Amino acid sequence: MKKQLTELQKKSLNTIELNKILEMLANEAVSQKAKAMARELEPSPSLYECNRLLEQVDAAVRLMGAYGRPYFAGISDIYDTVKRAEMGGLLNHRELLHVAQLLSCARGCKKYMENNKIGDTCLDGYFTRLQGNRFLE
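Residues numbered from 1 in each chain as written. Predicted model: local features only at pLDDT ≥ 70, side-chain atom pairs only at ≥ 80, totals over all residues. Heavy atoms only, no water.

### Brief notes about the overall build of the protein chain
Basically, it comes down to this: Only runs of H or I of at least four residues qualify as helices and only runs of E of at least two qualify as strands under DSSP, and these elements are numbered from the N terminus. Values of the radius of gyration come from C-alpha atoms, whereas the globule rule sets the reference at 2.2 Å times the count of residues to the power 0.38.
Secondary structure summary: the protein chain contains seven helices and zero strands in total. Seen in sequence order, the protein chain has helices and strands lined up from the N terminus as α-α-α-α-α-α-α. Taking 14 Å as the expected radius of gyration for a compact globule of 137 residues, we find that the protein chain reaches 18 Å, considerably beyond that expectation. Expressed along its principal axes, the backbone C-alpha trace of the protein chain runs to roughly 55 × 40 × 25 Å.

This is the structure:
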């Protein structure tokens, strides 16, 4: 449940042009769902949460500085596809290609992190949970 912002908070967000910053972020996202999520971001009132997120950004910047960006192009939201498959539904060619692209991307991202020589980062857990499936691709 979203907390109501005070008038001062709304004015502050307007002053820093948060909406423009979020739009710039959304333009960097590769899927429509990620674009929508970027546009809906709100500042956290928790100092702990802000520090945790800044640590993640710092780790991502260090990784991209050393190895470039991981490859995310061509991925699609497959949530509905997975739900239909779980219910025993048949998938069409486009849906199967989207699943293959996502699996390939997950495998590539995992390999990207395995080549990390920077050392442990706070992002390691996210990369560790990725699972590709070359056979299914």
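Next comes the rest of the account.
### Some details on the packing of aromatic side chains
Rule in force here: Here a Phe, Tyr or Trp ring, Trp counted by its six-membered ring, pairs with any other such ring whose centre lies within 6.5 Å, and the pair is stacked when the planes are under 30 degrees apart, edge-to-face when over 60, and tilted otherwise.
If you walk through the whole model with that rule in mind, you get two aromatic pairs. Aromatic side chains Tyr67 and Tyr112 sit 6.2 Å apart centroid to centroid with 80° between the ring planes, which places their arrangement in the edge-to-face category. Separated by 45 residues along the polypeptide, Tyr67 in helix α4 (residues 47-67) and Tyr112 in helix α6 (residues 93-114) bring together distant segments of the chain. Put simply, the rings of Tyr67, Tyr112 and Phe127 touch in pairs and so form one group of aromatic residues.

### Some points on the state of the cysteines
Test applied: Disulfide: a pair of cysteine sulfur atoms within 2.5 Å of each other. The buried label applies to any residue whose accessible area, calculated with a 1.4 Å probe on protein chains only, is under 20% of its type's maximum; exposed applies above 50%, and partly exposed to all values in between.
The full count for this structure, using the stated rule, is zero disulfides. There is no disulfide at Cys109, and the cysteine sulfur nearest it, in Cys105, is 4.1 Å away. Accessibility expressed as a relative area gives 3% for Cys109, which makes it buried. Residue Cys122 stays outside any disulfide, its sulfur separated by 14 Å from that of Cys50, the closest cysteine. Its relative accessible area of 31% is what places Cys122 among the partly exposed residues.

### Some words on the pattern of salt bridges
Here is the rule we go by: A carboxyl oxygen of Asp or Glu within 4 Å of a side-chain nitrogen of Lys or Arg is what we treat as a salt bridge.
Within this structure, the stated rule accounts for nine salt bridges. Linking Glu23 and Arg39 is a salt bridge whose minimum nitrogen-to-oxygen distance equals 2.9 Å. Here Arg39 lies in helix α3 (residues 32-39) and Glu23 lies in helix α2 (residues 18-28), a separation of 16 residues in the sequence. By relative accessible area, which is 32% here, Glu23 ends up partly exposed. Of the charged contacts in the structure, one is a salt bridge between Lys83 and Glu86, with a shortest N-O distance of 3.7 Å. Of this pair, Lys83 and Glu86 both sit in helix α5 (residues 79-86), three residues apart, which is roughly one turn of the helix.

### Quick word on the nonpolar core
Nonpolar side chains in soluble globular proteins tend to be buried together. Quick note on the threshold: Nonpolar core, defined: a set of buried Ala, Val, Leu, Ile, Met, Phe, Trp, Tyr and Cys residues in which side-chain atoms within 4.5 Å join the residues together. Here a residue-residue contact requires only that any non-hydrogen atoms of the pair lie within 4.5 Å.
With nine residues, the main nonpolar core is built from Ala59, Leu63, Ile75, Cys105, Cys109, Tyr112, Met113, Leu123 and Phe127. Of all elements in the fold, only α4 and α6 reach the threshold of two or more residues within this core. With four residues, α6 is the largest single contributor of residues to this core. Leave out the neighbours within four places in its chain, and Phe127 touches Cys109, Lys110, Tyr112 and Met113.

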